[in-house]
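A look at the structure
Take a look at the letters that make up each chain.
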Amino acid sequence: MENFQLWRSTLIKFSMLLVNNNRSKAYLQNLIKNGFIPSKIIVLDNKNHTLVEHTENDKIISKDTEQKFIRSLNDLNISFDEKEHIQKTIVKNNLDFSVVDTLDVNSLTVINAVKELTDEYIVYSGPGGTILRKEILSLNKKFIHVHPGLLPGFRGSTTIYYSMLLESTVGCSVILFDEKIDEGPILYKAKYEIKERDIDFDYVLDPLVRAKTLISFFQTNELSGMPRNQSEEAATFYIIHPLLKHLSILKHNEGSIQ
Amino acid sequence: MIIWLIGMSASGKTTIGRRLFNKLSSSQRKWVFLDGDTFRNVLGEDLGHSYEDRRKNSYRISRFCEFLHSQGVQVLACVLSIFHEHQKYNRENISEYKEVYLDTTFENLVKRDNKGLYKKALKGEIKDVVGIDIKFPPPYAPDIVIDNNKENPDYDEMIQKILDTIGLSTESDYSYTSKNLLEFPQKYQYSKYEGKSFLNIYKKDRITTLDTFTKRLAKHNRNGNNPTNFKISPYFQDDTFYLKEFLVFLYHSEVEEIKKHTGTVNTLIKRFEVGKKLYLTYDAKEIRKSSREFEELINYPLFSLILQRYYKSEKNQQKLVYLNAILKVNDIISSVKYDYILYDEIYHSIDALNGELSIMEEYID
């Protein structure tokens, strides 16, 4: 935490580890817009494998169209262009980057690329549902991750849906992944009430609330630093069943399920 | 689903049946088109057209449809069915059985009779013709009666009417149980939002499965079978944790006792969520699988029932963790419903599905 305070008190220097998904696009485009420029970006890209969260638009965008597809959340005054591939954003802004030919964040090629980074802090946005393993976490780097749930209450997966179902709000927590996998502190937390209806939770709401939280975290002077309480009391959620997912979305869109 | 399209010779069975089949085949399910005459031919033409031979053939078709249905195959059968007993058999033994009756006047049948069957029979040249010397009793309880007497019928409208009535038109299938989930585990990642109608699609899946189980249980009852009284036996032995024994123990325990095992049950949920399977044995220390055997089918309804008890006794967020697992376990049960054969498996599966539906009533109107 002390190191972290030091990092925050000086000019924020960081790198990024990204795959071309909506979350990465929302992060990168909004960080640049707000003047937070990564010194180096590692892009995970493999043409033979498709990300689980790949959207139809990703297929269109690979044809390098000039069209835009702006995804926005007016409540939070934030947006991103879904059709802009992250490599296009990188090149457009003359950023330093390297591409590793894999989608596996725990592979040796990624580990080697991370080793070469000079920054200690890395903003992480990997493929949906993957977990950083010991090997990559032991590189003496700190991975900044935005978890789409208010910790310690909403641990685990697809917490955005559970939070909407239980509390009608969305929370995000900025945490650090390092060699002590589950013990890093919660650096920053934010909770949002979303009034807009008919939003795609997976492809719009999730990336945008996370991006909003990341930007606020970079801008704030009030860091939490509270421990990530691993108390037995808090529930750990698993990937939401489609029925509960539907109930969560319907509750948000209609105010109630009936 | 098994559909019997019933009508006399020249009533339009094949014409309408083919069109209906084309429409059905565009859905996700695999359909088989079964024509009464083709069926006789496939079996080697060992039966004639006498009343008794027709009875045998009709029963064969019923049994064959039941067999295909038990394998998860959908059948559209175009049949000249004159035996109410076999229509009744279908209703009692096939959970998704629908009957469509093509009602055509005798005058129109004769007019459309390309084979000249009726004319020959009327002249006495041939025997055993239904409608002439064999009586045709219209089906006693068809799901839909189609009046096929118009000169130029609107077949599209007719097909749509049939699909609407038998409940196959507007709703797509509940895709989460269409494959055997023990063979092809469902990850549920980025599942598609399908709108409000999904709630009905889900419900229909559960009701269909319950119907299958109820019919199967009734058969067991008719045969005098009874449920087993599970014996409680130790669930730990040396370093091994026996899942079924543990679930049976919890099944018979009071709430207070159940609560003492919350940690173990939560670990079992964690393990289940990773591989979407329940294993025969786990190591006693960390409850990690120590067996590759996951096809002890009774464990799935028992686990679902135990989780339902936890769900009811829990007040905070953990409630949804239990409900989420219940839905996934019950998806597995529904996806392998034709493998549930033993009395206990079926009996507890009915309880597990009914319990889930009653919980879901808290959330869905």
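Going by the structure above, here's the rest.
Notes on the structure follow. Predicted model only: the values in this text are computed from it and were never measured.

Moving on to the overall build of chain B. Secondary structure summary: chain B contains 14 helices and eight strands in total. In terms of principal-axis extent, the alpha carbons of chain B reach across some 85 × 45 × 30 Å. For chain B, the proportion of its 365 residues judged to be buried stands at 49%. For chain B, the accessible surface area stands at approximately 18,100 Å², while carbon and sulfur atoms represent 48% of it.

Remark: the empty space left among the atoms is shown by a probe the size of a water molecule rolled over them. Residues and elements named next belong to chain B. If you add up the space inside the second largest pocket, you get close to 880 Å³. Around the second largest pocket, the lining is made up of 40 residues, and of these S9, A10, K13, D37 and K115 lie nearest the centre. Secondary-structure elements contributing two or more residues to the lining of the second largest pocket are helix 1 (13-25), helix 2 (36-42), helix 3 (51-70), strand 3 (74-79) and helix 6 (117-122). Among the elements that line the lining of the second largest pocket, the one with the most residues is helix 3, at four residues. In terms of residue class, the lining of the second largest pocket is built from 16 nonpolar, twelve polar and twelve charged.

So, on to the sheet that holds strand 7 (residues 240-242) of chain B. Residue and element names in this part refer to chain B. Strand order in the open sheet formed by three strands is 6-7-8, with antiparallel pairing between adjacent strands. The open sheet has two free edges, formed respectively by strand 6 (236-237) and strand 8 (281-283), since each of these has just one partner strand. As judged from the three bridges shared by strand 7 and strand 8, these two strands associate in the antiparallel manner. By the bridge assignment for strand 8, F241 is matched with Y282. Docked against the sheet, helix 9 (residues 243-251) engages strand 7 and strand 8, running at close to 50° with respect to strand 7.

Here the focus is empty space enclosed by the protein. Residues and elements named next belong to chain B. In this structure the tally under the stated criterion is two cavities of 30 Å³ or more. Space inside the largest cavity adds up to approximately 50 Å³. Contributions of two or more residues to the lining of the largest cavity are made by helix 8 (197-222) and helix 14 (343-360). In the lining of the largest cavity, the residues fall into four nonpolar, no polar and two charged. Volume-wise, the second largest cavity comes out at about 40 Å³.

Among the nonpolar cores identified, the biggest contains 121 residues, and I194, L205 and V209 of chain A are the most heavily contacted of them. Dropping the residues within four chain positions of it, V209 of chain A is found in contact with L73, L76, I160, V170, C172, Y192 and I194 of chain A. Counting 25 residues, the second-largest nonpolar core is a separate cluster that includes I2, C65, F83 and V130 of chain B.

On to the interface of chain A and chain B. Contact with chain A, which involves 31 residues of that partner, is made by 31 residues of chain B. Each partner contributes to the roughly 2,900 Å² buried at the junction of chain A and chain B, and carbon and sulfur atoms together form 68% of this total. Counting every contact that joins chain A to chain B gives one salt bridge. Two residues, E254 of chain A and K196 of chain B, come together in a salt bridge whose shortest N-O distance is 3.5 Å. For the side of chain A that touches chain B, the secondary structure elements donating two or more residues are helix 7 (159-167), helix 8 (201-219), strand 11 (235-237) and helix 9 (242-254) of chain A. At ten residues, helix 9 of chain A tops the list of elements feeding residues into the side of chain A that touches chain B.

This part takes up unusual backbone geometry. Negative phi is the rule for most residues except glycine; trans is the rule for most peptide bonds. For the peptide bond that leads from L151 of chain A to P152 of chain A, omega is 5°, which places it in the cis range. Along the chain, P152 of chain A falls in the loop between strand 7 (142-147) and strand 8 (154-156). With phi around 65°, N140 of chain A is a residue other than glycine that occupies positive phi space. Turning to its location among the elements, N140 of chain A is positioned in the loop between helix 6 (134-137) and strand 7. Backbone geometry at K276 of chain B places phi at a positive 55°, although glycine is not the residue there.

Each value, and the rule that gives it
- Counting starts from 1 at the beginning of each chain's written sequence and moves along it residue by residue.
- Just so you know, chain letters begin at A and ligand numbers begin at 1, following the order they were written in.
- Where totals are concerned, whole chains, interfaces and linings use all residues; where local detail is concerned, this predicted model gives features only for residues with pLDDT of at least 70, and gives and counts side-chain atom pairs only at 80 or more.
- Excluding hydrogens and water, the side-chain values take into account all heavy atoms of the structure.
- Each helix corresponds to a stretch of at least 4 residues labelled H or I by DSSP, and each strand to a stretch of at least 2 residues labelled E; elements are numbered beginning at the N terminus.
- When a residue's accessible area, from a 1.4 Å probe over protein chains only, is under 20% of the maximum for its type it is buried; when over 50% it is exposed; and in between it is partly exposed.
- Here the accessible surface of atoms and residues is derived via Shrake-Rupley with a 1.4 Å probe, and residues count as covered only by protein chains that are part of the display.
- Two kinds of site are reported from a 1 Å grid over the protein atoms alone, namely cavities, where a 1.4 Å probe fits but cannot get out, and pockets, open sets with protein on both sides within 12 Å along at least five of seven lines, and residues are called lining when an atom falls within 4 Å of a point.
- Grid points are joined across faces, edges and corners, and a volume is the space filled by probe spheres set on the points.
- Under the scheme applied, nonpolar residues are Ala, Val, Leu, Ile, Met, Phe, Trp, Tyr, Cys and Pro; charged residues are Asp, Glu, Lys and Arg; polar residues are all the others, including Gly.
- One requirement defines pairing of two strands: DSSP has to find at least two bridges between them.
- Any pair of residues with heavy atoms lying within 4.5 Å of one another is described as a contacting pair.
- Note on geometry: axes are lines fitted to C-alpha atoms, helical ones only across the stretch in contact, with angles between N-to-C directions running from 0 to 180 degrees.
- In this description, a nonpolar core means a group of buried Ala, Val, Leu, Ile, Met, Phe, Trp, Tyr and Cys residues linked to one another through side-chain atoms lying within 4.5 Å.
- In short, buried area is how much 1.4 Å probe accessible area vanishes from two parts on joining, totalled over both.
- One side-chain nitrogen of Lys or Arg within 4 Å of one carboxyl oxygen of Asp or Glu is enough to make a salt bridge.

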